[in-house]
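Inside the fold
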Amino acid sequence: MVTTDPKADLLRYLQDARDALVWKLDGLSEYDVRRPSTPTGTNLLGLVKHVAGVELGYLGDTFGRPFFDKEPPPPWWYTRDAEPNADMWATADESREEIVGLYRRAWKHSDATVEALPLDATGQVPWWPQERREVTLHHILVRVIADSQRHAGHADIVRELTDGSVGYGEGKSDLPPGDRAWWESHRHRLERVAREVGNG
C-alpha cells in the first residue's frame, strides 16, 4: 500500500517553483534581471519580489503569523499606501541579493506555518472581501503553488527571450534534444503551418 504525506507533496511542488524562479536569475546582468520584457513590464527580479510577498502574505498574515512583526514592512507591502504594481519590479535601491534573500526567508517562514498547522486550519485573508476571507491552509497552499508555478512559467519565457536559456533547473530540461539548427528548423515549420492555417 502506498502511503502519502499531503503536506510533503504540496511543499515539494511549491519548492520546485521557488527553485526555478531563483535559478532563472543566475548568470544574468543587473540590467537583464530588471528589464521589462513585455508591454506590461514583466521582469525576472520583479517576479521573485512578487512571489516573496505572496508567500509572506498568504502563509504569514493570513494565519496570524506576520513576517513583519519585528521590523516595518517594505514600502511596497499591501498594508502600505503603495503605488500600483509596486511588488512587480525592483527599485534602484533594492538589490538582487536583498530580494532573493527576502524570498528565501519567506520560504522558511511559510514552511514553518505549514509545519505548525494542520491542513484544515483556518485563517483570514486580510485583503479579501469580508464574506470570503475565511480559508483553510490547504486552500491557501494550493493557491500559492498555482501562483508560484504560473510565475515560474513567466520566468521561463522571459529568460528564453533574454538569452535563449531554457529548462526548469540547472541541468534539468524537459525539452527534446536538438541543436540550434534543429530548433530554428522547428520554429520555421511552426511558422509555416501557422501562416497556412491563418491564411485559410
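These remarks concern the structure in this document. (Residues numbered from 1 in each chain as written. Predicted model: local features only at pLDDT ≥ 70, side-chain atom pairs only at ≥ 80, totals over all residues. Heavy atoms only, no water.)

Looking at the pattern of salt bridges
- Evaluation of the coordinates by the stated rule reveals 12 salt bridges.
- Among the salt bridges present, the one from Lys-49 reaches Glu-94, with a minimum N-O distance of 2.8 Å. Within this pair, whereas Lys-49 is found in helix H3 (residues 44–58), its partner Glu-94 is found in the loop between H3 and helix H4 (96–116), the two being separated by 45 residues in sequence. Neither Lys-49 nor Glu-94 differs from the other in exposure class; each is buried.
- Where Asp-163 meets Arg-159, a salt bridge forms, and the shortest distance between an N and an O atom there is 2.9 Å. Pair noted here: Asp-163 and Arg-159 are both in helix H5 (residues 137–163), with a separation of 4 residues, about one helical turn.
- A relative accessible area of 39% means that Asp-163 is categorised as partly exposed.
- The network of salt bridges with shared partners includes Arg-18, Glu-55 and Asp-111. (Salt bridge = Lys/Arg side-chain N within 4 Å of Asp/Glu carboxyl O. Helix = DSSP H or I, 4+ residues; strand = E, 2+ residues; numbered from the N terminus. Buried < 20%, exposed > 50% of the residue type's maximum accessible area, 1.4 Å probe, protein only.)

What about the packing of aromatic side chains?
- This model, assessed by the stated rule, comprises 9 aromatic pairs.
- With a centroid separation of 5.0 Å and 70° between ring planes, the pair formed by Phe-68 and Trp-77 is classed as edge-to-face.
- Looking at Phe-68, the relative accessible area reads 14%, which means it is buried.
- Classification of Trp-77 by relative accessible area gives buried; the value is 5%.
- Residues Trp-182 and Trp-183 carry aromatic rings whose centres are separated by 4.7 Å and whose planes lie at 90° to one another, so their mutual orientation is edge-to-face.
- Against the face of Tyr-13 rests Arg-12, its NZ or CZ located 4.4 Å from the ring centre.
- In this arrangement the basic side chain of Arg-132 is found over the ring face of Trp-128, its NZ or CZ atom lying 4.8 Å from the centre. (Phe/Tyr/Trp six-rings, centres within 6.5 Å; stacked < 30°, edge-to-face > 60°. Lys NZ or Arg CZ within 6 Å of the ring centre and 35° of its normal.)

Some details on the nonpolar core
- Judged by nonpolar contacts, the single largest core of 29 residues is most densely connected at Leu-21, Leu-25, Val-48, Leu-56, Leu-102 and Tyr-103.
- Of all the elements in the fold, those that place two or more residues in this core are helix H1 (6–23), H3, H4 and H5.
- Examining the composition of this core, we find that 7 residues originate from one element, H3, more than from any other.
- The residues touching Tyr-103, leaving out its near neighbours within four places in the chain, are Arg-18, Leu-21, Val-22, Val-48, Val-51, Ala-52 and Glu-55. (Core = buried A, V, L, I, M, F, W, Y, C linked by side-chain atoms within 4.5 Å. Contact = heavy atoms within 4.5 Å.)

Just distances and angles here, no functional claims.
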